[in-house]
Structures are given as structure tokens and as C-alpha cells.
Amino acid sequence: MTSSVSPLSTDLAARKLPDSLGRFGAYGGRYVPEILVEPLDRLEAFYREAKDDPDFQAEMRELLRQFAGRATPLYHAKRLSEHLGGAAIYLKREDLLHTGAHKINNCLGQAILARRMGKSRIIAETGAGQHGVAAATVCALFGFPCTVYMGLEDMRRQALNVFRMRLLGAEVAGVDTGSRTLKDAISEAMRDWAANFETTHYLLGSALGPHPYPLMVRDFQSVIGVEARAQYLAISNGKPPDLLIACVGGGSNAIGLFHPFLGDESVRMVGVEAGGRGAGLGDHAARFTGGLPGVLQGTRSYVLQDDDGQIAPTHSVSAGLDYASVGPEHAWLRDRGRVAYTSCSDGDAIAAARMLSRLEGIIPALESAHAVAEAVKRAPGAQGQTFIVNLSGRGDKDIGIFRENMPELDA
Amino acid sequence: MSAAASIEPAAANLGATRIERAFARLQAERRRGLIAYITAGDPSPARTVELILGLERGGADIIELGVPFSDPIADGPVIQRASDRALKAGTTVKTVLRSIRDLRRRSAMPLLVFSYLNPILRYGFERFAEDAAAAGADGALLTDLNIEEAEPYVAAMRKRNLDCVFLASQTTGDKRLAEIASLSSGFVYLVSTAGVTGARETLSSSALPLIQRARRQTNLPLAIGFGLSKREHMQAVAPYADAAVVGSAFMRVVERHGEDAGLGERLASLARDLKQGLAAVSRK
């Protein structure tokens, strides 16, 4: 393959981060109860050792291929592109992975690590249930007892995923504090870990939380961007795509797609947050428009908060984007101007999901529909350009919400 | 505070804080201290001073006054619920500082503000240190501020002669323990057990080895907390630690008797009971 760009991303500043304290510029770091500092140091040491170990890499590659179903296709959505009349839209089909979303990439990596560390139990948090299902799945595969913390409100909204986790042998622990959503599930998982760190690995599901999680989760998810980049360069004679689009809750699917392209200077990137039902605090999860730098659950990043520094409630039709903070590397990429961040309303996401379903036969997860909606906005008039949209998950889990919003189909 | 007083050389002359003097006195009298934690604003900001005065009557030596936070990851259910009630009652950093100002008209009780980082970050380190000093607070402890990230905060606090207390735990290695102690003033807070705040049946077996390890790393007074709730726990730590911190046990009383006009007296009586536990054993 002839290539106008180097085969590997070489943005030095980007590749060096985080620094030794886990910081991405002013963001990231570690802000935890003192008891967790040593367990996090240990986790980091094991991760750094595993990362460079050929045995670890081989096992990871094999599981991603044989168990998760990688590589995922980079699919040219021709009918959608034609309909919009502009950019050529490609979908990175993470929705085709086992368990239905990109979350499995990270879960497999952390499960191998937990075994190497000699842990005998895994805990996880979940919002929509996608990470919980992926965690329960790898725990079944590796034989770990698994407890998944989930807010009672999310358990109600995603009852099917609760059952799925139980079917996989996991215990789902309902969290009845705060807003009873993802944020509260993370707090409860951290409390469990603070008590049981000796035996238990905390399998955090996004590029969030204290160092080394943002680094480790990003690395495990970077397989998305590494694949997409190679797949696209192979069909474009080495010309990189023009624009990458991904939804951003914690931001693991987005950083996984973006990071391997950071050295490709011509490639623009946009992250799409949940615009929810309006611009008021509590009506959305658009941290970059409504938030300020702060510290939540172990990391420094943009945080939706009130004037007194209390964490604000959030809303999104998509539980996976419904979180008051965002992965610290995104905060850094945003301040540096490398990635643009925008938001998409509940309504536009649902409309985009419907459009993709009808034109391509692909029902996206509500989270991923936010990214599709941004492509729908930008494609007309972008003739000659190529967009890669990360289709991070499939919409099976959201059928109930689609039904509520499309009563005419239920007649 | 004048601009001149806020530069380093002047700060060195500001003298011992109330917290340092309290530990000096305890040591001189060969007594162990009781540090009583309450969440400010529970059941309402208007009652906080009255509850602190009750704890003072009961013999508490130092008050830890908690700023409630929406997402208290280091706290167990009792203090989580206390924080919820306090936030619903309108408690903010500002109302906490107002309570301290009111307290200072009636009491010279040493007082440490206890908070998660984000409310203080939002308030601003410099502004917080300035206003906390003006209100009559003696120092602060920020649960989720680790020493790696603490420098600007410590600088702002030291300029106003406010104590910075940091936590150490059973997982903290000796080298890090020494670093934590070197950044701390007033005392070092040792976390007795794995997990979060909240009463435990028995004292964790990791508590005493941690105190002994910390002794070798610092001459600062050592307080031990998390999980301590009753007289037997006080008796168990009294030979080793300079002070014991009790929080959830007091907040359970506030939870049960929040409407009770005699709430301050109930806290006083629990404090007295705990103090007896601390007094009963000679030091080792």
C-alpha cells in the first residue's frame, strides 16, 4: 500500500500522554480515597508490563478475533450517503461485535489483566447495561464471580439488560442513591473496591476515572481506530478520511476511534455529546457547553455542576451518554482544538436512528445514533469528502424507547 | 488579612493553630483526643452551631465539620444520607463558613473543615483559604485530594496559617507515609480499615500496625478514624493513637433525632461515653 501518511500515528505530544501522574495537560490525574492509591499503582504496573508482553498481546488478539468477532467491517453506507447528497459515509461496525457494542474490547483486556493480577472477583458499573453485559460476558468466559452496580432508575429503563446479565451469571446490585443512574453506580463500585481491592478487580467501562483507567481503556479501545485507519487507507490509495464522528459519553468509543488518527493532521474529528431535551442544567449531558473543569469520581475534566460545586443532574434519552463528566483526554483534545465537540438532541438522535434503519437496514444504539445525526447534518454539501462514523453499538436494547417515540409504528 | 501577612515569611510567625495547641495540651495532660465529625447543615444549617456546642460540652477536643457533597465516594450509607439531607436543606460552602463564624462568637473549639475537592475547587482555593481563615476555621481535609495534586491548595492554606490534614491508610507505603506527613500539619489522619466511613463491629486488625508504622515516619500527632463508633473501639486505640475520629455514630444520632430539641445533648452524651473509653487506658 502506498501511503501519503505514516502507517502509525506519530503525533508525539498525543502519544506521550498521559504523563507519569496520569495527566492530559490540566486534566486527568488521580483524585481518590488514599486507600485506593496503591491498588491503582499496582494496576498501572501490571498493565504496563502486560501491554508489552507478547503473550498478553497474542491472547488479546485471539480473543478479539475468535470470541468478540473482530475485525469489524468498515462499511460504505451508500444509500445513506446518496440520500444526504454529499459526503461518502463509512460506518465502523462495532455494533456487530459480540454483546452488541464496543465495550467488549475493553472488557477482554481487563479480564486478562485481572487474571494476571491473581484477582478472584470482578466488579463493574453500568448505565445502559452494555458495559454490564460485556463485563458479565467476559466473567462467564474467564470464570470470575461478577457484581455489576446499576442505578435503580437505569434498571427500570433497561430491564432486558438486567436479565441478560443475570442469565450470564452476574449479580446485578441495584443502587438506590443520588440520581440512581450511572454516576451513582460508579460511586458504589468505587466503595466496593475500596473495601475489597485485595481480591477484586474493578472493571471500569469507559475512559474515565482515576489514572490508569483513561490510559488503559483508551489503549484497549484503540483497536477501533487502528483497524478503521488500515481499512480505509487500503481502499483510498493511502488518502486519509476527512472527518471522524463518534458519540461521547465517557468517551471510550470516541477515543478508541480518534487516537490512532491524531497524527494525521488533515483528519478532522468531532465528538457528539447528548443534547438531551434542552440547554438548561439538568436537561442534557453536554459537558463541553454546560460544564466547567472540576473533579468527579477520580479524575479532573469538564463536569456539569452547580455554582456550589455539587454535581448536576443530567438527562439523555440514551443512558450510555447520561453522565455529568467526560473522559479527561477529551477535555485535553478539546482545549487543544484537536477535536471539536458538539451535541445532538434526543429528537435528532431518534430521527437519525430511524433514517439509518430504513436506508441501510441497520438499527443503531441510541448512543451511536447521536454520531449518525451529526453525519446527517454535515454530509449535505460535503461532496468529495469521506466521513467515518463510529457505529459503537446496536439498537436492540433500545427498541422499547424507539417504540415509545414512534407510536405510529405500533398501530 | 493584609497583603503583607499573606506572604511566606510573615506566615511563619503566625504561631500555633488551635489544632496544634489542642494536641500540645492533650500531650501535656497525657490525654487522648476525641475528634467529632458532623455533616454541616444536617438537619439544617441553622442547627449546626448548636450541635457543635453539644459536642464541645460532651468533651470533644476537635470538630471536623463536613461540607456535604452530592457524590461522596469515600462515605458509607449514614454519611451519604446525612449529605443528602444537608444539601436538601440548602447547605453550601458559604453556609458552612457562616456557621463557623457564628460558632466563633461562642466557642474557641478547634475546627477542621472536611470536604470533597470539587466544592472547594469551585469556590477557589485562594478564596476558600481567605474566607475560612476569616471565619475562624483552623484547617481543612479534602478526602479526594491526593498529595500529587495538592500543591496549590497547600500553598493557599499555609499563607493563612491554616492546617492541611491528609489521610494515610493501610495500603500507604512507608515512603508515601513520610511524604503525606511532610505535607500535613496539625495531625495526620490514619484510616483504620479498608472501605468507606461507617460503624464496624470490631476494630480492624490493620489499625494498630498502621499507627505504629506512621509513628516511625513522623512526629506529628496521629488520629485514627473510619469505623470507630463505640467505647470499646476508643479503649482499643487509646494506647496507640493521639486521637480518635468518630463520625457516622454521631450522624446516626442526628438521623434518628433530627427533630428533637435535645439533639445537642444527645450528641454530648455520646461524646462523653466515647471520651470515657479514651480516658480508661494508659498510653503505650
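Look above for the structure.
Below: a short report on this structure. Note that this is a predicted model, so its numbers are computed, not measured.

Criteria and cut-off values
Within each chain, residues carry numbers counting from 1 in the order of the written sequence. Just so you know, chain letters begin at A and ligand numbers begin at 1, following the order they were written in. Totals for whole chains, interfaces and linings use all residues, but because this is a predicted model, local features are given only for residues with pLDDT of at least 70 and pairs of side-chain atoms are given and counted only at 80 or more. For the side-chain quantities, the full set of heavy atoms in the structure was used; hydrogens and water were omitted. Secondary structure is summarised from DSSP: a helix means a run of H or I of at least four residues, a strand means a run of E of at least two, and numbering begins at the N terminus for each. Any two residues having at least one pair of non-hydrogen atoms within 4.5 Å are treated as being in contact. To obtain an axis, a line is fitted to C-alpha atoms, over the contacting stretch when the element is a helix, and the angle between two such axes runs from 0 to 180 degrees between their N-to-C directions. In this scheme, roughly parallel covers angles under 35 degrees and roughly antiparallel covers those over 145, while 65 to 115 is roughly perpendicular and the rest are oblique. In this classification, the charged set is Asp, Glu, Lys and Arg, the nonpolar set is Ala, Val, Leu, Ile, Met, Phe, Trp, Tyr, Cys and Pro, and all remaining amino acids, among them Gly, are polar. To sort residues, take the accessible area from a 1.4 Å probe on protein chains only and compare it with the maximum for the residue type: under 20% means buried, over 50% means exposed, and anything in between is partly exposed. Any two strands with at least two DSSP bridges between them are considered paired. Side-chain atoms within 4.5 Å are what join buried Ala, Val, Leu, Ile, Met, Phe, Trp, Tyr and Cys residues into a set we call a nonpolar core. Only Phe, Tyr and Trp rings are paired, with Trp represented by its six-membered ring, and only when their centres lie within 6.5 Å; those with planes under 30 degrees apart are stacked, over 60 edge-to-face, the remainder tilted. Buried area counts how much accessible surface, traced with a 1.4 Å probe, disappears from two parts once they are put together, with both parts' losses summed. Counted as salt bridges are all cases of a side-chain nitrogen of Lys or Arg within 4 Å of a carboxyl oxygen of Asp or Glu.

1. Regarding the environment of Pro 33 of chain A
Part 1 of the argument: Relative to the assigned elements, Pro 33 of chain A resides in the loop between strand S2 (27-28) and helix H2 (37-51).
Part 2 of the argument: In the structure, Pro 33 of chain A is positioned 115 residues away from Val 148 of chain A in sequence and 21 Å away in space, judged by C-alpha atoms.
Part 3 of the argument: Discounting chain neighbours no more than four positions away, the residues touching Pro 33 of chain A are Ile 73, Ala 74 and Thr 143 of chain B.

2. Here's the deal with the packing of helix H15 (residues 346-360) of chain A against helix H16 (residues 366-378) of chain A
Residue and element names in this part refer to chain A.
Part 1 of the argument: At their nearest, the axes of H15 and H16 sit 7 Å apart, and the two run at 85 degrees to each other. Accordingly, the angle class assigned to the pair H15 and H16 is roughly perpendicular. Here Asp 348, Ala 349, Ile 350, Ala 352, Ala 353, Met 355 and Leu 356 of H15 lie close against H16, whose contacting residues are Leu 366, Ala 369, His 370, Val 372, Ala 373, Val 376 and Lys 377.
Part 2 of the argument: Among the residues forming the contact of H15 with H16, the class breakdown is 11 nonpolar, 1 polar and 2 charged.

3. Observations concerning the side chain of His 370 of chain A
Residue and element names in this part refer to chain A.
Part 1 of the argument: Inspection of the secondary structure assignment puts His 370 in helix H16.
Part 2 of the argument: You can call His 370 buried: its relative accessible area is 0%.
Part 3 of the argument: Contacts of His 370, omitting those with residues within four sequence positions, involve Cys 247, Val 272, Glu 273, Ala 274, Ser 316, Val 317, Ser 318, Leu 321, Cys 344, Ser 345 and Ala 349.

4. Some thoughts on the sheet that holds strand S5 (residues 163-164) of chain B
All names here are of chain B.
Part 1 of the argument: The parallel open sheet is built from 9 strands, whose spatial order is S5-S4-S3-S2-S1-S9-S8-S7-S6. Here the strands that pair on one side only, and so sit at the sheet edges, are S5 and strand S6 (167-168).
Part 2 of the argument: Along the sheet, helix H3 (residues 48-57) makes contact with strand S1 (33-39), strand S2 (62-66) and strand S3 (111-115), crossing S1 at roughly 160 degrees.

5. Observations concerning the nonpolar core
Part 1 of the argument: Formed by 103 residues in total, the largest nonpolar core has its most connected members in Leu 108 and Tyr 202 of chain A.
Part 2 of the argument: Among the nonpolar cores identified, the runner-up in size contains 98 residues, and Val 78, Ile 100, Ala 135 and Leu 142 of chain B belong to it.

6. Brief notes about the packing of aromatic side chains
Part 1 of the argument: Tallying each qualifying case throughout the model produces 17 aromatic pairs over all chains.
Part 2 of the argument: With centroids separated by 5.6 Å and ring planes inclined at 80 degrees, the aromatic side chains of Tyr 90 of chain A and Tyr 232 of chain A adopt a geometry described as edge-to-face. Taken together, the residues span a long stretch of sequence, with Tyr 90 of chain A in strand S4 (residues 88-93) and Tyr 232 of chain A in helix H11 (residues 223-235) at a distance of 142 residues. The residues Tyr 90 of chain A and Tyr 232 of chain A share a single accessibility class, namely buried.
Part 3 of the argument: Ring plane angle 50 degrees and centroid distance 5.5 Å describe the contact between Phe 23 of chain B and Phe 187 of chain B, whose orientation is recorded as tilted.

7. Let's talk about the interface of chain A and chain B
Part 1 of the argument: The interface is formed by 36 residues belonging to chain A together with 34 residues belonging to chain B.
Part 2 of the argument: Carbon and sulfur atoms make up 52% of the area that chain A and chain B hide from each other, which totals about 2900 Å².
Part 3 of the argument: Its largest share of buried area at the contact with chain B, chain A owes to Glu 34, Arg 191 and Gln 310 of chain A, together 25% of the area lost on that side.
Part 4 of the argument: Linking chain A to chain B there are 4 salt bridges.
Part 5 of the argument: A salt bridge links Arg 122 of chain B to Asp 307 of chain A, with the shortest nitrogen-to-oxygen separation between them at 3.6 Å.

8. A word on H3 of chain B
Residues separated by three or four positions in an α-helix point in the same direction, a consequence of the helix having 3.6 residues per turn.
Residues and elements named next belong to chain B.
Part 1 of the argument: Taking burial as the measure, the 10 residues of H3 include 7 buried ones, the bulk of the element.
Part 2 of the argument: The inward-facing, buried residues of H3 contact S1, S2, helix H5 (93-104), S3, helix H12 (248-257) and helix H13 (263-279).
Part 3 of the argument: Phi turns positive, to about 100 degrees, at Gly 59, one or two residues after H3.

9. Examining the environment of His 83 of chain A
Residues and elements named next belong to chain A.
Part 1 of the argument: In this structure, His 83 sits in helix H4 (residues 78-84).
Part 2 of the argument: For the pair His 83 and Tyr 202, spaced 119 residues apart in sequence, the C-alpha to C-alpha distance is 45 Å.
Part 3 of the argument: Leave out the neighbours within four places in its chain, and His 83 touches Met 355 and Leu 359.

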